[in-house]
Amino acid sequence: MSELTENCRSLTKYHFDEEHADDIVKTLAYHPRDYRFYSININDEELPPTREAIGTAFELSKHAGKSNYLDKLPVELRVKVLLQLDFHSCFRFRQTSLRSRQFVDSLPEYQRVALHGAQLVYALYRTRLATDISLSTIDNLLCTQNCAHCGKFGAFVSLLNQNRCCLSCLQTKWKAQLYDLSTLQGYFKVTSKDVRKMMKIDNLEGIYGVPQMGFPAGHKTLYSLHQASLSFERRSKQQKFKVGKPANYMGLCQLPFYYDKGSKKIEHGFLCAGCNANFHKKRGTRRISTNYDRCYTRDGFLRHFRWCVTAQRLWEESDGGNKPPRNGGSSASTGGALTLNEDSLTFITGDSLTINGGSFTVNY
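Going along each chain's sequence as written, the residues are numbered from 1 onward. Local features in this predicted model are restricted to residues of pLDDT 70 or higher, and side-chain atom pairs are both shown and tallied only at a pLDDT of 80 or more, whereas totals for entire chains, interfaces and linings draw on every residue. Derived side-chain values reflect all non-hydrogen atoms in the structure, with water molecules and hydrogen atoms excluded from consideration.

## Quick look at the overall build of the protein chain
Then, number 1: Tallying secondary structure elements over the protein chain gives 15 helices and 14 strands in all.
Then, number 2: Exposure categories follow from relative accessible area, calculated using a 1.4 Å probe and restricted to protein chains: below 20% of the type maximum is buried, above 50% is exposed, and the middle band is partly exposed. Within the span of the protein chain, comprising 364 residues, buried residues form 50% of the whole.
Then, number 3: The contacts in the protein chain between residues at least 6 apart in sequence include a share of 76% that link residues at least 24 apart.
Then, number 4: Total accessible area computed for the protein chain in this model is approximately 18500 Å², and 48% of it derives from carbon and sulfur atoms. Strands here are runs of E lasting at least two residues and helices are runs of H or I lasting at least four, both read from the DSSP assignment and numbered beginning at the N terminus. Pairs of residues are marked as contacts when any of their non-hydrogen atoms sit within 4.5 Å. For every accessible area listed, the method is Shrake-Rupley and the probe measures 1.4 Å; residues are considered covered only by the protein chains on display.

## Comments concerning the pattern of salt bridges
Then, number 1: Only one rule defines a salt bridge in this text: a Lys or Arg side-chain nitrogen within 4 Å of an Asp or Glu carboxyl oxygen. A complete count under the given rule lists seven salt bridges for this structure.
Then, number 2: One salt bridge connects Arg-94 with Asp-105, and the closest N-O pair in it is separated by 2.7 Å. Of the two residues, Arg-94 sits in helix H4 (residues 87-94) while Asp-105 sits in helix H5 (residues 98-106), which places them eleven residues apart along the sequence.
Then, number 3: By relative accessible area, which is 0% here, Arg-94 ends up buried.

## Some points on the confidence of the model for the protein chain
Then, number 1: On average, residues of the protein chain score 79 in pLDDT, and 77% of them are at 70 or above.
Then, number 2: With pLDDT under 50 throughout, residues 1-5 is counted as low confidence; its partners more than four residues away or in other chains account for 14 contacts.
Then, number 3: A low-confidence stretch, residues 335-364 (pLDDT under 50), is modelled with 85 contacts involving residues beyond four sequence positions or located in other chains. Values of pLDDT, which run from 0 to 100, indicate the predictor's confidence residue by residue.

## Considering helix H8 (residues 135-142)
Then, number 1: Among the eight residues in H8, seven count as buried, and that is most of the element.
Then, number 2: Those residues of H8 not exposed but buried are Leu-135, Ser-136, Thr-137, Ile-138, Asp-139, Leu-141 and Leu-142.

## Quick notes on the packing of helix H1 (residues 21-28) against helix H13 (residues 298-305)
Then, number 1: For the pair H1 and H13, interaxial distance at closest approach is 11 Å and the crossing angle is 85°. One finds that H1 runs roughly perpendicular with respect to H13. Two secondary-structure elements touch here, H1 through Ala-21, Asp-22, Ile-24, Val-25 and Leu-28 and H13 through Arg-298, Phe-301, Leu-302 and Phe-305.
Then, number 2: When residues are grouped by polarity, Ala, Val, Leu, Ile, Met, Phe, Trp, Tyr, Cys and Pro land in nonpolar, Asp, Glu, Lys and Arg in charged, and all others, Gly among them, in polar. Among the residues making up the contact of H1 with H13, the classes are represented as seven nonpolar, no polar and two charged. Angular values range over 0 to 180 degrees, each being the angle between N-to-C directions of two axes fitted as lines to C-alpha atoms, with helices fitted over their stretch in contact. Note that the term roughly parallel is reserved for angles under 35 degrees, roughly antiparallel for angles over 145, roughly perpendicular for angles of 65 to 115, and oblique for everything else.

## A few points about the nonpolar core
Then, number 1: Only buried Ala, Val, Leu, Ile, Met, Phe, Trp, Tyr and Cys residues count toward a nonpolar core, and they belong to the same one when joined by side-chain atoms within 4.5 Å. In terms of nonpolar packing, the biggest core is built from 66 residues, with Leu-82, Phe-87, Tyr-110, Leu-120, Leu-124, Leu-135 and Leu-159 touching the most fellow members.
Then, number 2: Per-element accounting of this core gives the leading share, six residues, to helix H7 (residues 118-126).
Then, number 3: In this structure Leu-159 touches Ile-40, Leu-120, Ala-123, Leu-124, Thr-127, Leu-129, Ile-133, Met-199, Ile-201, Gly-251 and Cys-253, once residues within four positions along its chain are discounted.
Then, number 4: Listed in part, the 18 residues of the second largest apolar core include Ala-21, Cys-275, Leu-302 and Cys-308.

## Comments concerning the sheet that holds strand E4 (residues 178-180)
Then, number 1: Within the open sheet, the three strands sit side by side as E4-E8-E5. Their pairing is antiparallel. Looking at which strands have only one partner, the edges of the open sheet turn out to be E4 and strand E5 (200-202). Pairwise comparison of adjacent strand axes, ignoring direction, gives a mean angle of 35° for this sheet.
Then, number 2: Sheet topology places E5 next to strand E8 (residues 221-224); three bridges connect them, and they run antiparallel. If you follow Ile-201 over to E8, its bridge partner there is Leu-222. Following DSSP output, two strands are said to pair if at least two bridges run between them.

## Quick word on the packing of H5 against helix H6 (residues 108-116)
Then, number 1: Across the interface, H5 lies against H6 with an axial gap of 5 Å and an inter-helix angle of 85°. Here H6 runs roughly perpendicular to H5, going by the angle between their axes. Across from Val-104, Asp-105 and Ser-106 in H5, the residues of H6 making contact are Pro-108, Tyr-110 and Gln-111.
Then, number 2: Here the residues of the contact of H5 with H6 sort into three nonpolar, two polar and one charged.

## Observations regarding the environment of Lys-261
Then, number 1: Looking at the element boundaries, Lys-261 is found in the loop between strand E10 (257-260) and strand E11 (265-268).
Then, number 2: The exposure class assigned to Lys-261 is partly exposed, which follows from its relative accessible area of 47%.
Then, number 3: Sequence separation between Lys-261 and Cys-143 is 118 residues, and the spatial gap between their C-alpha atoms is 7.1 Å.

## Some remarks on the pairing of E10
Then, number 1: Examined bridge by bridge, E10 and E11 share four bridges and lie antiparallel to one another. Within E11, the residue paired with Asp-260 across the bridge is Lys-265.
Then, number 2: Linking E10 to E11, which pair antiparallel, is a turn of four residues; within it Lys-264 sits at a positive phi near 55°.

## A few points about the environment of Leu-170
Then, number 1: Secondary-structure assignment places Leu-170 in helix H9 (residues 167-172).
Then, number 2: We classify Leu-170 as buried; its relative accessible area is 1%.
Then, number 3: The contact partners of Leu-170, leaving out residues within four places of it in the chain, are Cys-165, Ala-176, Gln-177, Gly-244, Asn-248, Tyr-249 and Leu-252.

## A few points about the packing of aromatic side chains
Then, number 1: Only centres within 6.5 Å qualify two rings of Phe, Tyr or Trp (six-membered ring in Trp) as a pair; their planes then separate them into stacked at under 30 degrees, edge-to-face at over 60, and tilted for everything else. Summed over the entire model, instances satisfying the criterion amount to eleven aromatic pairs.
Then, number 2: Taking 6.2 Å as the distance between ring centres and 10° as the angle between the ring planes, the aromatic pair formed by Phe-87 and Tyr-110 counts as stacked. Highlighted residues: Phe-87 in helix H4 and Tyr-110 in helix H6, separated in sequence by 23 residues. Like Phe-87, the residue Tyr-110 is buried in the burial classification.
Then, number 3: Each ring, one from Tyr-179 and one from Tyr-187, has its centre 5.6 Å from the other, and the planes form 20°; the classification is stacked. Tyr-187 carries the same exposure label as Tyr-179, and that label is buried.
Then, number 4: Among the aromatic residues, ring-to-ring pairing joins Trp-174, Tyr-179, Tyr-187, Phe-188 and Phe-241 into one connected group.

Take a look at the structure:
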């Protein structure tokens, strides 16, 4: 409850019948369409072939059916080996034989990634990080809901830090920052040779940020500030790290959902139409809600709703969800603070990612 700002928090807890919970979510919660501007943009047309490549059968090669060294290991050891393999190696192993494909496909971790993690897999291949992140790590990211920095719902995945992150922490927490080499050298005693041991991301060119204030990005190699702090000596401990740089968006993948292993359901992230309406109403004043872009799980949103006075007002105006609220309810249909024009979206492009016979053709 302390997360809510004073100007949109009700003084008393709002009570509602549980039978109205689905109607409340349907009326007042919406998916954050404008989050795509703060991460690597992926055209929706690219996802179906990615899912097909990692989740379906492929044409057998001339070596299909032959045994390999892993077949001689006990099942438990084979599972451990495959989970710790980087995803690209695991994917290639799946193509070596029919038996290998069946074994990889039988892993619950691979099944979850194939069904729900295509967006993250695509981003890893496009940024050439698929050889640096294990199948187990990808599955853990998919099954984790909270930001690594604040503990609230994290709608993004930091590809270099390999953790979930919310938009607020991305802009304010130093451990979430990405720097290029020249910036790192301003803080650490590090050379070009030293950083060869670090994970890096060659960003994809495009526009990062909202269309009106987008940051055009050319080719740039980025490193994790947190990883650098663990490996190199600081030049000055009094020197503060700069946060909120647009370069942070270049290493993010939007993943506003997680897989709940208990219920075996995908949980989508929601934003609050009440906080969005409050943001527009108070914009330009000092008393402005900072929750308008906070993402929630379904249960998290319902807990938030009990204390969000603007959302409560919109719910009363909707007559139990039977009609749209007069003011502010349009947020749920337009996608949030921005009026989005699909023509204005810049989908990031880089080296082509070709999918043939269930395989990725990427230059590594």
